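# Architecture at a glance
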Amino acid sequence: MKKFLILCSFLLMNQFLIAQNKLIFNTVDSLFRYAENQSITIKTGEQQVLLAKWQKISAQSGLVNFRMQTSFSLTDNVKLPVTYFPAEAFGGEPGTFKEVTTGQQFMGNVNFAPQIDLINPVSWTKLKSAKINQELTNVSNLIVKKSLFESISAGYYNIISLKEQIVISQKNLYTADTLQIIMQNKYTEGIVRQQDLNDATINKLALDDKLNQLKISLNQQYYALKILCDIPQNEDVIITETANYQQQFNIGLHTDNQLQHKSSLLKSDLAKEDLRANRLAQYPTVSIVAYDGWQQNSRDQFFDSNSKWVNSQYIGLRLSMPFPDINRFTLTKTANINKTISELDAEHSKHQNDIANIQLNLDYEKAYSQLNTTKQIFLLKEENYQMALNQFKESILPSDKLLTAFNDMLASRLNYSAALANLLYAKSKIEINNSIK
């Protein structure tokens, strides 16, 4: 009994561990939510936003550019300098000089020199650039996220379509096997030729290979999805959603996503601020400067209690004027050209963005039309195959015509499945562009 309980516990634990290694998604939105929490791409974007925030804080603190130069030094003058003084000052002969050693052997200094910029034009542009860069980072991350979700959506609906195509191919493989048996029987009866039997065998082998290719493509799509969503290799991904052909055309499904245009406008604003910074760099900077220092001199030792610390202080204004040079001139000219280019890019991106939105809507309309067309073609091809099969059984239709009808029917059914995936992906792209903007 004890062994039985241990065995049951082991099996239950094993099932629990297996369940832990499975990720089940029933909608594409559930996959989006997982990617939003786990994707390294999105996490990197979050760190970039945080970095842009701190760059802005740094630029804000740089407006006054407070600096405090602090120094502390201890100097042991092993050999003091010698100065020549007129000897008559010491009672000597006129016209002669006396060597006098000046200074103290031990010197200690403590200095504080704070400086605050009152007028610093370049710092103003840095703050404006930091604000623009923070907004640009947010927009860029939304663009990356939108692109990531579109790729995930494509992989998701490809998997749904491939799963269905595998089921369809498996069913038709059974039909192909049945056709081969019928052909074998007719060959035995002397009704069909050897090459007719060979064609039926080739048809079955080709369909079997097609099935294997679909299974490989499905595995590739799963691996691609794991890479996009940063799903661990040991996790099994299970998509439970199945193909739903009852799709209604949504007339009001349109998008007006302007992220690319926003990005180009912000890049243009950065170029303007770069030009402004180069121009303002030629203006003077006005600062408040101060100094507070203590010095101690001694003949005996450092920190001599018999020697006083002498204090000196000052406060004032400092005007710093950069000297014009060719490098600053060329940088300003380059910045001006870059500004013009960025403005042209922003204008062009507006047209591109609008056309891309229109293209998304057209893709959706086209995909819906293709779905209906492939459905009608499949129904007709299926009807043709049934008639061809009946005619073949009555020995009215040759075998090659039957196999052609079978392959046409199968191809049209697979196209129907692919058209559904294409429609769902086109619809999903519009929804993504409407939610991430």
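Structure's up top.
What comes next concerns the included structure. Keep in mind the model is a prediction, meaning the values are calculated, not measured. (Residues numbered from 1 in each chain as written. Predicted model: local features only at pLDDT ≥ 70, side-chain atom pairs only at ≥ 80, totals over all residues. Heavy atoms only, no water.)

### Thoughts on the overall build of the protein
The following threshold applies: A run of H or I in DSSP counts as a helix once it spans at least four residues, and a run of E counts as a strand once it spans at least two, with each numbered from the N terminus. Values of the radius of gyration come from C-alpha atoms, whereas the globule rule sets the reference at 2.2 Å times the count of residues to the power 0.38. Exposed residues in this analysis have more than 50% of their type's maximum accessible area, buried residues have under 20%, and partly exposed residues fall in between, with area computed by a 1.4 Å probe over protein chains only. Only heavy atoms matter for contacts: two residues are in contact if any of them lie within 4.5 Å across the pair. Areas reported here follow the Shrake-Rupley algorithm with a probe of radius 1.4 Å; residue values treat only the protein chains shown as occluding.
Helices and strands together make up the secondary structure of the protein, namely eight helices and eight strands. Against the 2.2 N^0.38 benchmark of 22 Å for 437 residues, the protein shows a C-alpha radius of gyration of 41 Å, more extended than a compact globule. Viewed in the frame of its principal axes, the protein has a C-alpha envelope of about 150 × 75 × 40 Å. Here the protein, with 437 residues, has 35% of them falling under the buried criterion. Here the analysis covers contacts within the protein between residues at least 6 apart in sequence; of these, 83% occur between residues at least 24 apart. Total accessible area on the protein is roughly 26,800 Å²; 56% of this is exposed by carbon and sulfur atoms.

### Quick notes on the sheet that holds strand E7 (residues 285–298)
This is how it is decided: When DSSP locates at least two bridges between a pair of strands, those strands are taken to pair. Whenever a helix is involved, its axis is fitted only over the stretch in contact; in every case the axis is a line through C-alpha atoms, and angles between N-to-C directions fall within 0 to 180 degrees.
Spatial ordering of the open sheet is given by E2-E5-E7-E8, a layout of four strands whose pairing is antiparallel. Looking at strand neighbours, the two that pair on one side only are strand E2 (67–76) and strand E8 (310–320), the edges of this open sheet. Going across the sheet, the axis of each strand differs from the next one's by a mean of 15 degrees, ignoring polarity. As judged from the 11 bridges shared by strand E5 (residues 106–119) and E7, these two strands associate in the antiparallel manner. Among the inter-strand pairings, Phe 106 is bridged to a residue of E7, identified as Ser 298.

### Examining the nonpolar core
The condition that has to hold: Side-chain atoms within 4.5 Å are what join buried Ala, Val, Leu, Ile, Met, Phe, Trp, Tyr and Cys residues into a set we call a nonpolar core.
Phe 149, Ile 152, Ile 239 and Tyr 385 are the most contacted members of the largest nonpolar core, which has 71 residues in total. When contributions to this core are tallied by element, the ones reaching two or more residues are strand E1 (22–25), helix H2 (28–38), helix H4 (121–188), helix H5 (194–229), strand E6 (236–239), helix H6 (259–280), helix H7 (326–393) and helix H8 (399–435). Residue contributions to this core peak at 18 residues, all from H4. Excluding residues within four positions of it along the chain, Tyr 385 makes contact with Thr 175, Leu 179, Leu 402, Ala 405, Phe 406 and Met 409.

### Considerations on the pairing of E7
With 11 bridges connecting them, E7 and E8 associate as antiparallel partners. Bridge pairing in E8 places Val 286 opposite Leu 319.

### What about the packing of H7 against H8?
For clarity, the threshold we go by: Angles are sorted into four bins: roughly parallel if under 35 degrees, roughly antiparallel if over 145, roughly perpendicular if 65 to 115, and oblique for all others. The sense of a crossing depends on the near helix, which, turned anticlockwise from the far helix by less than a right angle, makes the crossing left-handed and, turned clockwise, makes it right-handed. Polarity classes work like this: nonpolar for Ala, Val, Leu, Ile, Met, Phe, Trp, Tyr, Cys and Pro, charged for Asp, Glu, Lys and Arg, and polar for all others, with Gly in that last group.
With their axes 7 Å apart at the nearest point, H7 and H8 run at an angle of 160 degrees to one another. Considering the angle they form, H7 stands roughly antiparallel to H8. Read as a crossing pair, H7 and H8 show a hand that is left-handed. The residue makeup of the contact of H7 with H8, split by class, is 21 nonpolar, nine polar and eight charged.

### Focus: the pattern of salt bridges
Our working definition: Between Lys or Arg on one side and Asp or Glu on the other, a salt bridge is scored when a side-chain nitrogen of the former is within 4 Å of a carboxyl oxygen of the latter.
The full count for this structure, using the stated rule, is 10 salt bridges. A salt bridge links Lys 146 to Glu 150, with the nearest nitrogen and oxygen atoms 3.6 Å apart. Here Lys 146 pairs with Glu 150, and both are found in helix H4, just four residues apart, close to one helical turn. Take Lys 146 and Glu 150: they sit in the same class, and that class is buried. Of the charged contacts in the structure, one is a salt bridge between Arg 413 and Glu 164, with a shortest N-O distance of 3.1 Å. With Arg 413 in helix H8 and Glu 164 in helix H4, the pair connects residues that are 249 residues apart, well separated along the chain. Exposure remark for Glu 164: the relative accessible area of 16% places this residue in the buried category.

### Notes on the environment of Gln 248
Tracing the sequence through the fold places Gln 248 in the loop between E6 and H6. The exposure class of Gln 248 is exposed, given its relative accessible area of 63%. Taking the C-alpha atoms as reference points, Gln 248 and Ile 119, separated by 129 residues in sequence, lie 64 Å from one another. Not counting residues within four places of it along the chain, the set of residues in contact with Gln 248 comprises Tyr 364 and Tyr 368.

### Here we look at a nonpolar patch on the surface
Rule in force here: Patches draw on residues past 30% relative accessible area with no salt bridge. Two like charges within 9 Å are joined, as are two nonpolar side chains (Val, Leu, Ile, Met, Phe, Trp, Tyr) within 5 Å.
A surface patch of nonpolar side chains, about 960 Å² in accessible area, is lined by Phe 66, Met 68, Phe 112, Ile 116, Leu 118, Ile 119, Trp 124, Ile 288, Ile 315 and Leu 317. Elements with a minimum of two residues in the nonpolar patch: E5 and E8. For the nonpolar patch, the element with the highest residue contribution is E5, accounting for four residues. With respect to the helices and strands, the residue Phe 112 is situated in strand E5.

### Details of the packing of aromatic side chains
Two aromatic rings, taken as a pair, are described by how far apart their centres are and by the angle between their planes. Just so we agree on the cut-off: Any two rings among Phe, Tyr and Trp, with Trp reduced to its six-membered ring, count as a pair given centres within 6.5 Å; such a pair is stacked if its planes are under 30 degrees apart, edge-to-face if over 60, and tilted if neither. In this scheme, the term charge over a ring applies when either NZ of a lysine or CZ of an arginine sits within 6 Å of the ring centre and within 35 degrees of the ring normal.
Tallied over the full model, the rule gives 12 aromatic pairs. Three or more aromatic residues joined by ring pairs make a cluster, and in this case those are Tyr 245, Phe 378 and Tyr 416. Seen from the ring of Phe 392, Lys 186 lies directly overhead, with NZ or CZ sitting 5.3 Å from the centre. Above the face of the Phe 378 ring, Arg 413 is positioned so that its terminal group lies 5.5 Å from the ring centre.

### What to know about unusual backbone geometry
With phi around 55 degrees, Asp 230 is a residue other than glycine that occupies positive phi space. Among the structural elements, Asp 230 can be located in the loop between H5 and E6. Of the residues examined, Asp 230 reaches a relative accessible area of 30% and is grouped as partly exposed. Residue Ser 395 is not a glycine yet carries a positive backbone phi of 60 degrees. Its place among the elements puts Ser 395 in the loop between H7 and H8.

### What to know about the packing of H4 against H6
Where H4 contacts H6, the axes come no closer than 9 Å and their chain directions differ by 160 degrees. Taken as axis vectors, H4 and H6 run roughly antiparallel relative to one another. At the point where H4 passes H6, the crossing takes the left-handed sense.

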